Amino acid sequence: MKITIKKAHIATIILGTIFIILSIFHTNIWFDEAYSVSLARHTFSEIWTIGGNDVHPILYYWILHVIEILTNGSIIAYRLFSALAIVILGILGYTNIRKDFGEKTGFVFSILVFFLPATAVYANQIRMYSWAFLAVTILSIYAYRIFKGEDSNKNIIIFGLASWFSIYTHYYGLMTAGIINIILLGYLIYKKNKNAAVKILIFGIIQLVSYIPWMINFITQVSNVSSGFWIGFEFPKTIIELSSFELLGDYVSTSFGIYQYIVFAISILLYLYLGIKLYKLKKQKQEIKAPLWSIIIYILVILAALIITLIMGTSILYYRYLFVITGLYIFIISYIIGREKNKYISIIICGIIVILGLFNNIKLINNNYDISNYELKEYLKSNINAEDSIVYSEVGPRFCSS
């Protein structure tokens with residue numbers, strides 16, 4: 001029986017979902033996750049106050065608090081919630097991307113969503129990254145639909161909601177949403193599409209007004225950040241991280257060696273291929289607005305981060321934050337491979353990414369389920385009495401109590 005792309009696409013979503021959740025059924029938590037878990041135990045008002053002193057906008061933590069109430073603080077439930085965002089995005093490859101850009105592009109999009117090494121990492125973590133990733137991607141999808149003239153009330157409402165979710169989930173979501181809103185509004189005004197422009201402007205004003213309460217916290221954070229921020233620049237490590245973290249996945253956090261340099265070389269070759277192919281598509285007078293705008297927005301977000309870095313005197317350009325805009329990265333690759341006539345090139349590129357994803361997941365599974373993770377807990381149970389005190393340094397969330 002001949003397997004169609006449609007059937008293969010559905011199978012990819014099922015297998016991809018299984019793939020990204022293989023490594024999440026554990027209760028080990030690292031420093032940032034400890035912050036999330038502890039913050040989720042507080043009330044909504046306390047989350048606002050505590051989070052306002054230290055972290056990205058607190059919408060994710062409010063949602064996590066709801067999950068804490070419903071599941072009695074289940075670590076596995078928190079992780080499944082993070083994975084859910086990746087699954088939804090993979091399904092969007094079948095629904096939205098497939099509909100807007102073709103069957104092959106949608107198929108490749110879903111493959112990359114599930115098997116890109118970075119996505120398995122952030123599907124695993126009790127952090128806001130996977131949901132910011134989803135929100136920014138939905139924002140981009142509907143921005144392009146409006147850009148094409150599909151400015152129905154439904155599309156504009158989804159665009160506005162995705163934009164609001166982005167700005168209240170992560171500061172890179174804020175930057176991306178701001179850039180996309182400004183570009184789209186300017187384009188609609190240029191095209192004299194008054195009706196859509198007015199609606200986008202109204203949604204923009206609503207977002208701006210709704211963000212004013214958080215701006216007080218943001219100003220406080222900015223005033224404190226130069227003395228307490230920890231992100232630095234290390235050559236060539238930082239360059240490799242920023243350019244290759246999507247393909248490095250969990251390997252980005254380990255000691256740098258031959259594997260990281262190989263993946264860096266693969267990333268550079270991939271960028272060269274995408275650039276050459278995009279140029280050829282332009283020469284062939286094919287439609288390239290969607291991937292071109294995706295590249296422009298991706299670069300503008302990085303430039304915005306660099307400008308803010310110069311203004312604040314401390315770096316906010318960090319590879320992990322770029323995961324928020326990785327939907328653009330995935331779409332660019334998907335779009336260009338979707339128009340690649342040489343099936344062997346498509347298979348090689350997707351195959352390499354899937355193999356890197358497998359390496360990454362094997363590493364995650366080995367680390368997350370290693371028996372040594374439970375030795376400390378057993379030691380404490382056996383050796384710590386009720387009247388004992390534990391002295392610690394730099395462990396656990398900064399402003400939260402457990």
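For clarity, every value in this text was computed on a predicted model and none was experimentally measured. Counting of residues starts from 1 at the beginning of each chain's written sequence and follows it residue by residue. Given that this is a predicted model, residues contribute local features only at a pLDDT of at least 70 and side-chain atom pairs are listed and counted only at 80 or more, while totals for whole chains, interfaces and linings are drawn from all residues. The side-chain values count all of the structure's non-hydrogen atoms but skip hydrogen atoms and water molecules.

Novice: Give a detailed account of the overall build of the chain, specifying residues and quantitative values.
Specialist: Along the backbone of the chain there are 17 helices and zero strands. For 402 residues, the compact-globule estimate of 2.2 N^0.38 gives 21 Å, and the C-alpha radius of gyration of the chain, at 22 Å, lies within 12% of that figure. Considered along the principal axes of its C-alpha atoms, the chain spans approximately 75 × 50 × 45 Å. Three labels apply to residues, based on accessible area from a 1.4 Å probe with only protein chains included: buried if under 20% of the type maximum, exposed if over 50%, partly exposed otherwise in between. By residue count, 50% of the 402 residues in the chain fall in the buried class. By sequence separation, contacts in the chain at least 24 residues apart represent 78% of the contacts at least 6 residues apart. The Shrake-Rupley method, run with a 1.4 Å probe, gives the accessible areas here. Residue values count only the displayed protein chains as cover. By element, 68% of the accessible surface of the chain is carried by carbon and sulfur atoms, the whole surface being about 19,600 Å². All tallies of charge rest on Lys and Arg as positive and Asp and Glu as negative; His and the ends of each chain are not included. Charge positions come from single atoms, namely NZ of Lys, CZ of Arg, CG of Asp or CD of Glu. In the chain, which carries 31 positive and 21 negative side-chain charges, the distance between the mean positions of the two groups comes to 20 Å. Strands here mean DSSP runs of E at least two residues long; helices mean DSSP runs of H or I at least four residues long; both are numbered from the N terminus. Based on C-alpha atoms, the radius of gyration is set beside the globule rule, defined as 2.2 Å times the residue count to the power 0.38. In this description, contact between two residues means that some pair of their heavy atoms is separated by no more than 4.5 Å.

Novice: I'd like to hear about the pattern of salt bridges, residue by residue, with values.
Specialist: Proximity of charged atoms lets side chains of opposite charge pair with each other. A side-chain nitrogen of Lys or Arg and a carboxyl oxygen of Asp or Glu constitute a salt bridge if their distance falls within 4 Å. Counting across every chain of the model gives seven salt bridges. Put simply, Arg320 and Asp32 hold a salt bridge, and the shortest N to O gap is 3.2 Å. One end of the pair, Arg320, is in the loop between helix H14 (289–312) and helix H15 (326–338); the other, Asp32, is in helix H2 (residues 31–40), and 288 residues separate them in sequence. Considered together, Arg320 and Asp32 belong to a single accessibility category, that of buried residues. For Lys363, the salt bridge identified is with Asp250, shortest N-O distance 2.7 Å. In this pair, Lys363 sits in helix H16 (residues 343–368) while Asp250 sits in the loop between helix H12 (237–248) and helix H13 (258–283), placing the two residues 113 residues apart along the sequence. A single burial state applies to Lys363 and to Asp250, both of which are buried.

Novice: Account for the packing of helix H8 (residues 129–147) against helix H10 (residues 171–190), naming residues and giving values.
Specialist: Angles run from 0 to 180 degrees between N-to-C directions of axes, and those axes are lines fitted to C-alpha atoms, restricted for helices to the stretch in contact. Interaxial distance between H8 and H10 falls to 11 Å at its minimum, and their mutual angle equals 5 degrees. By the angle class used here, H8 and H10 are roughly parallel. Residues Val136, Leu139, Ser140, Ala143, Ile146 and Phe147 of H8 form the contact with H10, whose participating residues are Gly173, Thr176, Ala177, Ile180, Leu184, Tyr187 and Leu188. Counted by class, the contact of H8 with H10 contains ten nonpolar, three polar and no charged residues. Oblique is the label for every angle not falling under 35 degrees (roughly parallel), over 145 degrees (roughly antiparallel), or within 65 to 115 degrees (roughly perpendicular). Charged means Asp, Glu, Lys or Arg here, nonpolar means Ala, Val, Leu, Ile, Met, Phe, Trp, Tyr, Cys or Pro, and polar covers whatever is left, Gly included.

Novice: Give me the nonpolar core: which residues, what numbers.
Specialist: Residue types Ala, Val, Leu, Ile, Met, Phe, Trp, Tyr and Cys, when buried and joined through side-chain atoms within 4.5 Å, form a set referred to as a nonpolar core. Residues Tyr61, Phe159 and Tyr172 are the most contacted members of the largest nonpolar core, which totals 122 residues. Those residues in contact with Tyr61, other than ones at most four positions away along the chain, are Tyr35, Ser36, Leu39, Ile47, Val55, His56, Arg127 and Met128.

Novice: Could you give me a rundown of helix H3 (residues 44–51), with the residues and numbers involved?
Specialist: Regarding H3, the residues found buried are Ile47, Ile50 and Gly51. Within H3, the buried residues cover an arc of 90 degrees as seen down the axis, which keeps them to one side. Taken from the helix axis, the directions to the C-beta atoms give the arc we talk about.

Novice: A description of the side chain of Thr12 should follow, citing residues and the corresponding values.
Specialist: When you line up the elements, Thr12 lands in helix H1 (residues 5–21). We classify Thr12 as buried; its relative accessible area is 10%. The residues contacting Thr12, other than those within four sequence positions of it, are Thr17, Phe107, Ser110, Ile111, Phe114 and Phe115.

Novice: Could you give an account of the side chain of Ser110, with specific residues and numbers?
Specialist: Here Ser110 is to be found in helix H6 (residues 103–115). Using a relative accessible area of 0% as the deciding quantity, one classes Ser110 as buried. Within the structure, the side chain of Ser110 is placed 2.7 Å from the side chain of His9, a separation counted as a polar contact. Those residues in contact with Ser110 that sit more than four places away from it in its chain are His9, Thr12, Gly90, Gly93 and Tyr94. Whenever a nitrogen or oxygen atom comes within 3.5 Å of another N or O atom, the pair is scored as a polar contact, on the condition that within protein one atom can donate a hydrogen and the other can accept it, and that pairs from neighbouring residues in sequence are kept only if both atoms are in side chains.

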